[in-house]
Amino acid sequence: MLRKTAWLLAALLLFAAANVRLRWDFEVAGETLALGCSARAAMRAAEAARAAAEEILPGEAALPQLKRRARLTLRLPEREAPGLADALLRAVPGVELREYVYLGDRRVGAVTDAAAFRQKLRGYIDNTVPDWAWGGVLSKPLRVERCWGRTDYASAPGDMVLLVTGIAPVFYYDAEGNYATA
């Protein structure tokens, strides 16, 4: 009986050892990321962050040091590590998240605060509405997207409003659906 118990314990230990997986967690610039990803996924994320930083900045980008910790689990490691690439880019000096302004398919520029820009644009349109009109819209579709960019590449919201309204004039409309530009 003792022998069967020993064999059963050995089989259970071998089963557990065969299913144990190595997962990696990282620390970037003091921020701990419990990603649980594979080493290959971490390498791909670091290479993507390096390529993005070098595309944004002139010259070679210096990524911060990664501290990694291994842990053993029964779950498979994650195949992607987007949080790692994001944390690496946030720690690169000279790179920040920016709000890029597009008119149609054309990128006009970047602002630091999309909400302030939209508020100033709405205020500009509301303040320039003629007496006969009910409201106004831009002549081209406007969209704002968040992307990584240079720290020093951004316009003030008021300057961006002037740039946008210069490229896409405001069309004013009345209750019957008539449009005109001022």
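The coordinates are above.
Residues numbered from 1 in each chain as written. Predicted model: local features only at pLDDT ≥ 70, side-chain atom pairs only at ≥ 80, totals over all residues. Heavy atoms only, no water.

Across its full length, the chain carries five helices and nine strands. Listed by position from the N terminus, the elements making up the chain come as α-β-β-α-β-α-β-β-α-β-β-α-β-β. In terms of overall dimensions, the chain is more spread out than a globule: its C-alpha atoms have a radius of gyration of 27 Å, far above the 16 Å expected for 182 residues. Principal-axis analysis of the C-alpha atoms gives the chain an extent of 100 × 45 × 25 Å. (Helix = DSSP H or I, 4+ residues; strand = E, 2+ residues; numbered from the N terminus. Rg over C-alpha atoms; globule rule 2.2 N^0.38 Å.)

Turning our attention to the sheet that holds strand β2 (residues 31-37). The three strands are arranged β2-β1-β3 in an open sheet whose pairing can be described as antiparallel. At either margin of the open sheet sits one strand with a lone partner, and together these are β2 and β3 (66-73). Strand after strand, the sheet turns through a mean of 25° between neighbouring axes, direction not considered. Direction of pairing for strand β1 (residues 21-28) relative to β3: antiparallel, over a ladder of eight bridges. Opposite L22, over in β3, you have L72 as the bridge partner. (Pairing = 2+ DSSP bridges. Axes fitted to C-alpha atoms, helices over the stretch in contact; angles between N-to-C directions.)

Here the focus is the environment of P64. Along the polypeptide, P64 turns up in the loop between α2 (39-56) and β3. According to the relative accessible area criterion, P64 is partly exposed, its value standing at 22%. Separated by 93 residues in the primary sequence, P64 and P157 have C-alpha atoms spaced 32 Å apart. Aside from chain neighbours lying at most four places away, what touches P64 is V28, L88, A91 and V92. (Buried < 20%, exposed > 50% of the residue type's maximum accessible area, 1.4 Å probe, protein only. Contact = heavy atoms within 4.5 Å.)

Another point: the packing of helix α4 (residues 114-127) against helix α5 (residues 157-167). Where α4 contacts α5, the two axes come as close as 9 Å, and the packing angle between them is 55°. Judged by the angle between their axes, α4 and α5 are oblique. Relative to α5, α4 is oriented so that their crossing is right-handed. Of α5, the residues touching α4 (which contributes A116, F117, K120, L121 and Y124) are P157, G158, M160, V161, V164 and T165. Grouping the constituent residues of the contact of α4 with α5 by class yields eight nonpolar, two polar and one charged. (Parallel < 35°, antiparallel > 145°, perpendicular 65-115°, else oblique. Left-handed = near helix turned anticlockwise from the far one by under 90°. Nonpolar A, V, L, I, M, F, W, Y, C, P; charged D, E, K, R; others polar.)

Within the secondary structure layout, D174 lies in the loop between β8 (170-173) and β9 (179-181). At a separation of 3.2 Å, a polar atom in the side chain of D174 contacts the main-chain amide nitrogen of E176. Reaching out from D174, the side chain makes a polar contact with the backbone nitrogen of N178 at a distance of 2.9 Å. Other than its neighbours up to four places away in sequence, D174 contacts W132, A133 and W134. (Polar contact = N/O pair within 3.5 Å; in protein donor to acceptor, adjacent residues only side chain to side chain.)

Moving on to α5. Within α5 the residues assigned to the buried category are P157, M160, V161, V164 and T165. The buried residues of α5 occupy an angular sector of 125° when projected down its axis, which confines them to one face. Residues of α5 that are exposed and angled more than 90 degrees away from the buried face: D159, L162 and G166. Where α5 is buried, its residues meet β4 (95-103), β5 (106-111), α4, β6 (135-138), β7 (142-150) and β8. (Arc of directions from axis to C-beta.)

Let us now look at the packing of aromatic side chains. This model, assessed by the stated rule, comprises one aromatic pair. Taken together, a centroid distance of 6.2 Å and an interplanar angle of 35° make the contact between Y100 and Y153 tilted. Of this pair, Y100 sits in strand β4 while Y153 sits in the loop between β7 and α5, and the two are 53 residues apart along the sequence. Y153 gets classed as partly exposed once you look at its relative accessible area, which sits at 40%. Note that R107 overlies the ring of Y100, its terminal NZ or CZ placed 4.4 Å from the centroid. Sitting over the ring of Y102, R143 keeps its end group 4.4 Å from the ring centre. (Phe/Tyr/Trp six-rings, centres within 6.5 Å; stacked < 30°, edge-to-face > 60°. Lys NZ or Arg CZ within 6 Å of the ring centre and 35° of its normal.)

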